[in-house]
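# Coordinate analysis (summary)
Residue-level listing of the chains:
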Amino acid sequence: MRSLLLTIVLSISVIGLRLRWRRDPSRAVIANVCLGAVILNTLWEIAQLPLFAGFASFDLFAALQHCAWYVLGDASIIMSLYTLGAWGHGTWAWGLRLHRLDWLWLPLTGMLVAVVIELLALYFGRWQYAPAMPVLPGIAVGVLPVVQMGLLPLLSIVLASRCVSRPEHVSF
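This section reports on the structure supplied with the text.

A word on the overall build of the protein chain. When its secondary structure is counted, the protein chain shows five helices and two strands. Counting from the amino terminus, helix and strand elements in the protein chain follow one another as α-α-α-α-β-β-α. In the protein chain, of all internal contacts separated by at least 6 residues, the share reaching a separation of at least 24 is 68%. As displayed, the protein chain has an accessible area near 9,800 Å², and 68% of this comes from carbon and sulfur atoms.

What follows is the structure, encoded as structure tokens:
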């Protein structure tokens, strides 16, 4: 229950920052990425929950409660990738205009992080897959969690940049 409340408080805080920063595109995109990461990962985690052992059937509230920590972790990974991109580009506004290389390194880095996390979680017994979960041959890691971290960081940034109003006087 605490994790669900924490996720809700984080989302409300980010919405507050988004409203406060709406006139500054470089700040607004950061809030949008975080909010998008929480929303997209919540939907993804709930959708893939039946592919994990013990979750063949569940109610929505139980799913939200169970997935809240994982959503916060996923959003933290996406924000870490965004921070890495800001360091590489030398600006926090880099998500407003993606370069060709960004379309490559973001998914690949996200997938690599997902593989490492999945291997550790399986090794330490944090979760197990249901038989329906497709796995990558050779390493027995779930395909969907890897695709999730390959797709959602980029999608969060692209959607975030589309939701930012860009005054003409802003330079990149």
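Next, the rest of the story.
Okay, the packing of helix H3 (residues 60-89) against helix H4 (residues 102-123) next. Their axes nearest at 11 Å, the elements H3 and H4 cross at an angle of 140°. By the angle class used here, H3 and H4 are oblique. When you trace H3 past H4, the crossing you get is right-handed. Across the interface between the two elements, Ile77, Leu81, Leu84, Gly85 and His89 of H3 pack against Asp102, Trp105, Leu106, Thr109, Gly110, Val113 and Ile117 of H4.

Let us now look at unusual backbone geometry. Unlike most non-glycine residues, Ala140 shows phi in positive territory, near 55°. Note on placement: Ala140 falls in the loop between strand E1 (135-136) and strand E2 (141-142).

Moving on, we get to the packing of aromatic side chains. Within the structure shown, the criterion is met by seven aromatic pairs. When the ring of Phe52 is compared with that of Trp127, the centres are 6.2 Å apart and the planes differ by 90°; the resulting orientation is edge-to-face. Residue Phe52 is located in the loop between helix H2 (25-48) and H3, and its partner Trp127 is located in the loop between H4 and E1; the two are separated by 75 residues in the primary sequence. Of the residues examined, Phe52 reaches a relative accessible area of 11% and is grouped as buried. Seen from their ring centres, Phe52 and Tyr129 are 5.6 Å apart, and the 55° between their planes marks the pair as tilted. Linking Phe52 in the loop between H2 and H3 with Tyr129 in the loop between H4 and E1, this pair joins segments that are 77 residues apart in sequence.

At a minimum axis distance of 8 Å, the contact between H2 and helix H5 (residues 143-162) shows a crossing angle of 145°. Considering only the axes of H2 and H5, their crossing is right-handed. Each residue belonging to the contact of H2 with H5 can be placed in one class, and the counts come to 15 nonpolar, seven polar and one charged.

Core analysis: the largest hydrophobic core is formed by 44 residues, its most contacted members being Val29, Val33, Tyr82, Trp94, Leu106 and Ile157. Those elements giving two or more residues to this core turn out to be H2, H3, H4 and H5. Beyond its immediate stretch of four places on either side in the chain, Tyr82 contacts Val29, Ile30, Val33, Trp92, Ala93, Trp94, Gly95 and Ile157.

Right, let's get into H4. With 22 residues, H4 should cover 32 Å at 1.5 Å per step; its first-to-last C-alpha distance of 31 Å lies within 8% of that length. Within the sequence span of H4, burial applies to Asp102, Trp105, Leu106, Pro107, Gly110, Ala114, Val115, Glu118 and Ala121. Where H4 is buried, its residues contact H3, E2 and H5. Two residues or fewer past H4, Gly125 is found with a positive phi of approximately 75°.

How each quantity is defined
- Residues numbered from 1 in each chain as written.
- Predicted model: local features only at pLDDT ≥ 70, side-chain atom pairs only at ≥ 80, totals over all residues.
- Heavy atoms only, no water.
- Helix = DSSP H or I, 4+ residues; strand = E, 2+ residues; numbered from the N terminus.
- Contact = heavy atoms within 4.5 Å.
- Areas by Shrake-Rupley, 256 points an atom, 1.4 Å probe, with all protein chains shown as cover.
- Axes fitted to C-alpha atoms, helices over the stretch in contact; angles between N-to-C directions.
- Parallel < 35°, antiparallel > 145°, perpendicular 65-115°, else oblique.
- Left-handed = near helix turned anticlockwise from the far one by under 90°.
- Phe/Tyr/Trp six-rings, centres within 6.5 Å; stacked < 30°, edge-to-face > 60°.
- Buried < 20%, exposed > 50% of the residue type's maximum accessible area, 1.4 Å probe, protein only.
- Nonpolar A, V, L, I, M, F, W, Y, C, P; charged D, E, K, R; others polar.
- Core = buried A, V, L, I, M, F, W, Y, C linked by side-chain atoms within 4.5 Å.
- Expected span 1.5 Å × (residues − 1).

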